[in-house]
Amino acid sequence: MLNLFRSRNHWKKQPKDGVSRGLNHSSQPPRERRVFNRAGVLTESWYPLFRSRGLKKREVRSATLGSQRVAVFRTESGKLAAVDAFCAHMGADLGNGSVCGERLRCYFHRWEYDAGGGLQKVPCLEGKVPNARLNSYPVAEKFGHIWVYAGKEAPGPVPDPAGLPQAEGHLFGETTLFVHHHALMASAIDLQHFASVHALNLDFDYRVEGIGDDRDVWRVRGKIPRRGLRDLAARFLLGDTIEYHATFSGGNIVALEYGAGARLFGRGPELPKLCVLWAATPLENGISRAKIFLAHPRGTGVLGKIGRTLLSLLLLAWLKDDDVKAYPHMRFQVGTTVPGDESVLRLVQAIERQRISTWSYGDSALRNGSLGNSSSGCGKGISSSPEP
Ligand code: FES
Ligand SMILES: [Fe+2]
C-alpha cells in the first residue's frame, strides 16, 4: 500500500523543466515532423497572453511568444493594440513605455506610435518624422484574457467551441506542461489512456468532422459498463452511453464538450453541457503553459456559472487521475504504434496541416530561413513525414 502510494506520487519529484527532451538522441532518435511536437515551431493561432484586468486603460505590457516579443497596450479610449515590442529607434522594449492618449510612447527617447504601429512623433524633431513603423498584430479579448494572433492577419476570431457560438467563459486554472502541448491535445482523443489513467473501461468509438481549414470536431462515444459503483452511478445519472466532443483549432487549442445530448437518468430533462477549453502557450525547451477555461452559453446567469463550475469539478473528480502526471521527465513522441493508436495518428496528421508562424524558432532549418511562407503553410525545407 505504501509502495503504491509512493509510486502514485513519484511524478511530483521529477524534474519540472522539460530537461529530458534532449536525452537518448543517439539510441532513440526522435521522429521529427513538420509541426507536431516540434519545440521551435509555433503555429498561426490565437494565444492567450494575460488577463484582461491585468491591462487597464493607458497601460502597456510586453510578452514573448515563440521568437517574437510583442507589446500590447490599451489606449485612453479603451482600444486594444499589439505591436512589435522593440522600438524602431534603438530597440528599447516598448513594454517599459507608457500610453499617452491613443499613442504608445517609448521610455528611452519618447518616440510615439499609434495603435497601428505608425511612428507619429519624435520629440527632438519638429514637423516631419522618419518614415518608420512597427508591425501590428491581431489582438482580441475573450474569456477574460487578452489573446494575440501569431501572424499578420487572423482568418477568424478566437475560436468558440463548436457547439457554443458566442461563448462566454472564465479562467478555471492554469498548469505548466512538462511536455509539448501537443501531448495534451493528443490526450483528448487517446482512447487507450481512458482505461489506464482514468479507469474508464468504456468501449469508445469516434468520428471526425472537419469544420474548416484548421478546425476538426471529434465526436467520441462510449458505452458505460457495469463494473463498479462509479460506473453504476454514472449509468444511473446519464443512461448507458456517454459522449463528448473535442474541437481542435490552431494546433494549440482544444475545447472539450461533455454531456452532448445527455439526459438525466437517460430519459429525463437535458443536462447542461460542460465545456472546458484548453489553450496552450509555448514557453521554452518544449514545455508549455496551458490555461483552462470553462465556457458556457452567452447570458448564463451567476447561478448557472456556479452550477457549471461545480459540475466541472465533479467531472474532474470522476475522471480520478490526471494526464499531467505522465509528463514530467517524459520525452513525448508518437513512435511505435498499435492499431489502438489510430485516433492519435489522425490527430498528428491534422496538426501537420497547421500553418507555421514566422514567429517560430529553435532549430537550424528555421534559423536558415527555410521555414517557408507562413501563409502557405508548406514549411519549405522542413521534411514532412507521411503518417501511416
Ligand atoms: S529607443 Fe525608443 S525612442 Fe529611442
Ligand atoms: Fe486524460
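Every value quoted in this text rests on a predicted model; they were computed, and no experiment measured them. (Residues numbered from 1 in each chain as written. Chains lettered and ligands numbered in written order. Predicted model: local features only at pLDDT ≥ 70, side-chain atom pairs only at ≥ 80, totals over all residues. Heavy atoms only, no water.)

> Got a minute to help me understand the side chain of Arg 74 in this structure?
Mapping Arg 74 onto the fold places it in strand E3 (residues 68-74). Arg 74 gets classed as buried once you look at its relative accessible area, which sits at 10%. One polar contact links Arg 74 to Glu 141, side chain to side chain, over a distance of 2.9 Å. Leaving out residues up to four positions away in the same chain, Arg 74 has contacts with Ser 52, Leu 55, Lys 56, Lys 57, Arg 58, Glu 59, Lys 79, Leu 80, Val 99, Glu 141 and Ile 146. (Helix = DSSP H or I, 4+ residues; strand = E, 2+ residues; numbered from the N terminus. Buried < 20%, exposed > 50% of the residue type's maximum accessible area, 1.4 Å probe, protein only. Polar contact = N/O pair within 3.5 Å; in protein donor to acceptor, adjacent residues only side chain to side chain. Contact = heavy atoms within 4.5 Å.)

> Help me understand the sheet that holds strand E11 (residues 145-149), please; the structure alone is not making it clear to me.
Ordered in space as E1-E11-E10, the three strands form an open sheet in which the pairing is antiparallel. The sheet is open, and its two edges are formed by strand E1 (46-51) and strand E10 (139-142), each paired on a single side. Across the sheet, the axes of successive neighbouring strands diverge by a mean angle of 35°, strand direction being ignored. In this sheet, E11 lies alongside E10 in antiparallel orientation, the contact comprising four bridges. What sits directly across from Lys 142, in E11, is His 145. (Pairing = 2+ DSSP bridges. Axes fitted to C-alpha atoms, helices over the stretch in contact; angles between N-to-C directions.)

> Would you take a moment to explain helix H4 (residues 229-238) for this structure?
An α-helix turns once every 3.6 residues. As a result, residues three or four positions apart point the same way. Considered for burial, the residues of H4 that qualify are Arg 230, Asp 231, Ala 234 and Arg 235. Taken down its axis, H4 places every buried residue within 135° of arc, on the same side. Exposed and facing more than 90 degrees away from the buried side of H4 are Leu 229 and Phe 236. Following H4 by one or two positions, Gly 239 has its phi on the positive side, about 95°. (Arc of directions from axis to C-beta.)

So, to be careful, I would describe these as geometric facts and stop short of saying anything about function.
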